[in-house]
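# Architecture and fold: a report
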Amino acid sequence: MKLKMKTYDIYVGEYEINQLETYIKSFYQYKDIYIVTDETVHHIYRDLMIEKLSQFNLHFCVVKPGETSKSFKTYIETTENLIDLNMKRNHLLIALGGGVIGDLTGFIAATLYRGVNYIQIPTTLLAQVDSSIGSKVGIDLKSGKNLLGSFYDPKFVLIDPTFLKTLSDREYRQGIAEMIKAGLIANKELYNFFKSHEKVTKNEILLALQVKRDVVLKDPFDLNERLILNFGHTFGHAIEKKFNYETYKHGEAISYGMLLAIKIGIAKKITPAYMYEDVKSVLKKHHLIEEPYFKVKDLVEYIKTDKKHMANTFHFICLNDIGSSVITNLKVGEF
Ligand SMILES: NC(=O)c1ccc[n+]([C@@H]2O[C@H](COP(=O)([O-])OP(=O)(O)OC[C@H]3O[C@@H](n4cnc5c(N)ncnc54)[C@H](O)[C@@H]3O)[C@@H](O)[C@H]2O)c1
């Protein structure tokens, strides 16, 4: 199955990895390919990649797993490593891993030699339904997450759900949280799926991808419509910040954030009141939230210091129904 973005395709399917060599050979005439990955993914999938790309010389650049690798230090070290391995401007880079690897490798691709071709092969559910498409690449700085980055398109994205078999349950659930979000903002059928299912198939991955694709195509540079993808993220980011990005994973933080956004939507008379209990029970079913839930007052100071927020008023996403969202303005004193 193929989804089309403006300048690249997204291939989605079980065992799609078997087609990787064919897709690459359709545009790439060199022998060397450079794969950036993390230690965990490298350990599990190195042999598979060697088998699936048997006609190429593979060079692996392996970084530590986790958010700390989206750092300036790892960016510089990995870039120098690629140059030491003799990577040239016409060579191909592959991001094999979760969102950390995708964002880091995409940023290297955008900047090394002023831009090289790269492919995204996302291996976490979160990366498959969210971070690998939309062209945002970048790294964190000491002063905040994702502050140094760019928009840079891959040659293609290959999404193979069979990679998810080795993913831990907790990491898997972080992707479910983003899929529940996608359902809430734009696809009721997708949201309802999570009332009775714990695992996803290629079909739900496609539905979530379509939500993101449709929004990104309308607003590639994140100036207007794309803001709706931030549903739950204002408070989610505040929770992550408050706990130093340690206690709560991103999907868990945005789950609490979605509940708070629904509460605010109800208070603003935008969101129907029944949605609070409905969404709470779905998030609980997937072990994304547990009592006690956060209160707005616990988080306000972290919202005020968000480096990406303008002054005292900021855009805030509310739901006007399941599968339907709206961009509103919120003042810091208003909640
Ligand atoms: N660019 C975007 O638009 C965008 C959107 C959302 C999130 N992000 C970014 O994505 C990052 C989070 O991504 P993530 O949740 O994928 O985290 P991650 O990349 O840290 O991966 C999570 C963990 O899963 C392991 N892992 C990956 N694939 C595996 C597999 N198949 N089997 C076993 N283990 C595997 C990794 O080694 C890691 O320990 C954050 O930095 C966030 O800012 C970017």
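Presented here is an overview of the structure given in this document. On a predicted model such as this, the values are computed, not experimentally measured, just so you know. (Residues numbered from 1 in each chain as written. Predicted model: local features only at pLDDT ≥ 70, side-chain atom pairs only at ≥ 80, totals over all residues. Heavy atoms only, no water.)

Before going further, it helps to examine the site of the ligand. Contacts to the ligand come from 25 residues, most closely from D38, E67, T123, T124 and T166. A distance of 2.7 Å separates an oxygen atom of the ligand from a polar atom in the side chain of D38. Considering the ligand on its own, with 870 Å² of exposed area, one finds that the protein chains cover 86% of that surface. Sorting the residues of the shell around the ligand by element identifies α2 (39-52), α4 (99-111), α5 (125-131) and β8 (144-151) as the ones contributing at least two each. Looking at which element gives the most residues to the shell around the ligand, the answer is α2, with four residues. Counted by class, the shell around the ligand contains eight nonpolar, eight polar and nine charged residues. (Near = heavy atom within 4 Å. Polar contact = N/O pair within 3.5 Å; in protein donor to acceptor, adjacent residues only side chain to side chain. Areas by Shrake-Rupley, 256 points an atom, 1.4 Å probe, with all protein chains shown as cover. Helix = DSSP H or I, 4+ residues; strand = E, 2+ residues; numbered from the N terminus. Nonpolar A, V, L, I, M, F, W, Y, C, P; charged D, E, K, R; others polar.)

Next up on the list: a positive patch on the surface. Taken together, the side chains of K242, K263, K295 and K297 define a basic patch exposed on the protein surface. With respect to the helices and strands, K242 occurs in helix α9 (residues 233-242). (Patch = residues over 30% accessible without salt bridge, like charges linked within 9 Å, V, L, I, M, F, W, Y side chains within 5 Å. Salt bridge = Lys/Arg side-chain N within 4 Å of Asp/Glu carboxyl O. Lys, Arg positive; Asp, Glu negative; His and termini not counted. Charge placed at Lys NZ, Arg CZ, Asp CG, Glu CD.)

Attention now goes to the sheet that holds strand β9 (residues 156-159). The strand order β1-β2-β9-β6-β5-β3-β4 describes an open sheet built from seven strands, whose pairing is mixed. Edge positions in the sheet fall to β1 (2-4) and β4 (57-63), since each has one partner strand and no second. Looking at each pair of strands side by side, their axes are set apart by 20° on average, direction ignored. In the sheet, strand β2 (residues 9-12) pairs with β9 via four bridges, with the strands oriented parallel. Across the sheet, residue V12 finds its bridge partner in β9, namely I159. The sheet contacts of helix α3 (residues 72-84) involve β3 (32-38), β4 and β5 (92-97), and relative to β4 the element is tilted by about 160°. Lying on the sheet, helix α8 (residues 202-218) is in contact with β1, β2 and β9; it crosses β1 at an angle near 10°. (Pairing = 2+ DSSP bridges. Axes fitted to C-alpha atoms, helices over the stretch in contact; angles between N-to-C directions. Contact = heavy atoms within 4.5 Å.)

Within the fold, H286 resides in the loop between α11 (275-285) and α12 (296-304). In contact with H286, other than residues within four places in its own chain, are R173, I176, I180, F194, H197 and E198.

Across a regular strand the side chains alternate sides, sitting on one face of the sheet and then on the other. Alignment of strand β7 (residues 136-141) against β8, held across five bridges, turns out to be antiparallel. The partner of I139 across the bridge, within β8, is L148. Counting the residues in the hairpin turn of β7 and β8 gives two residues.

The terminal C-alpha atoms of α4 lie 18 Å apart, and with 13 residues this matches the ideal 18 Å at 1.5 Å per residue to within 8%. Taking burial as the measure, the 13 residues of α4 include twelve buried ones, the bulk of the element. Regarding α4, the residues found buried are G99, V100, I101, G102, D103, L104, T105, G106, F107, I108, A109 and A110. Note on α4: the residue one or two positions beyond its end, Y113, has a positive phi of about 55°. (Expected span 1.5 Å × (residues − 1). Buried < 20%, exposed > 50% of the residue type's maximum accessible area, 1.4 Å probe, protein only.)

Our focus in this paragraph is the nonpolar core. I10, L125, I180, L184 and I205 are the most contacted members of the largest nonpolar core, which has 70 residues in total. Here this core takes nine residues from helix α10 (residues 250-267), the largest share from any one element. For L184, the residues in contact, after removing those within four places along its chain, are Y191, F231, M258, M275, V279, L319, D321, I322, G323 and S324. L53, F56, L58 and I94 belong to the second largest nonpolar core, which has 23 residues in total. (Core = buried A, V, L, I, M, F, W, Y, C linked by side-chain atoms within 4.5 Å.)

In this structure the tally under the stated criterion is 20 aromatic pairs. Considering the side-chain rings of F27 and F156, the 6.3 Å spacing of their centres and the 85° angle between planes classify their relative orientation as edge-to-face. On the criterion of sequence distance, the pair formed by F27 in the loop between α1 (20-25) and β3 and F156 in strand β9 is long-range, its members being 129 residues apart. According to the relative accessible area criterion, F27 is partly exposed, its value standing at 25%. Under the relative-accessibility criterion, F156 is labelled buried at 3%. (Phe/Tyr/Trp six-rings, centres within 6.5 Å; stacked < 30°, edge-to-face > 60°.)

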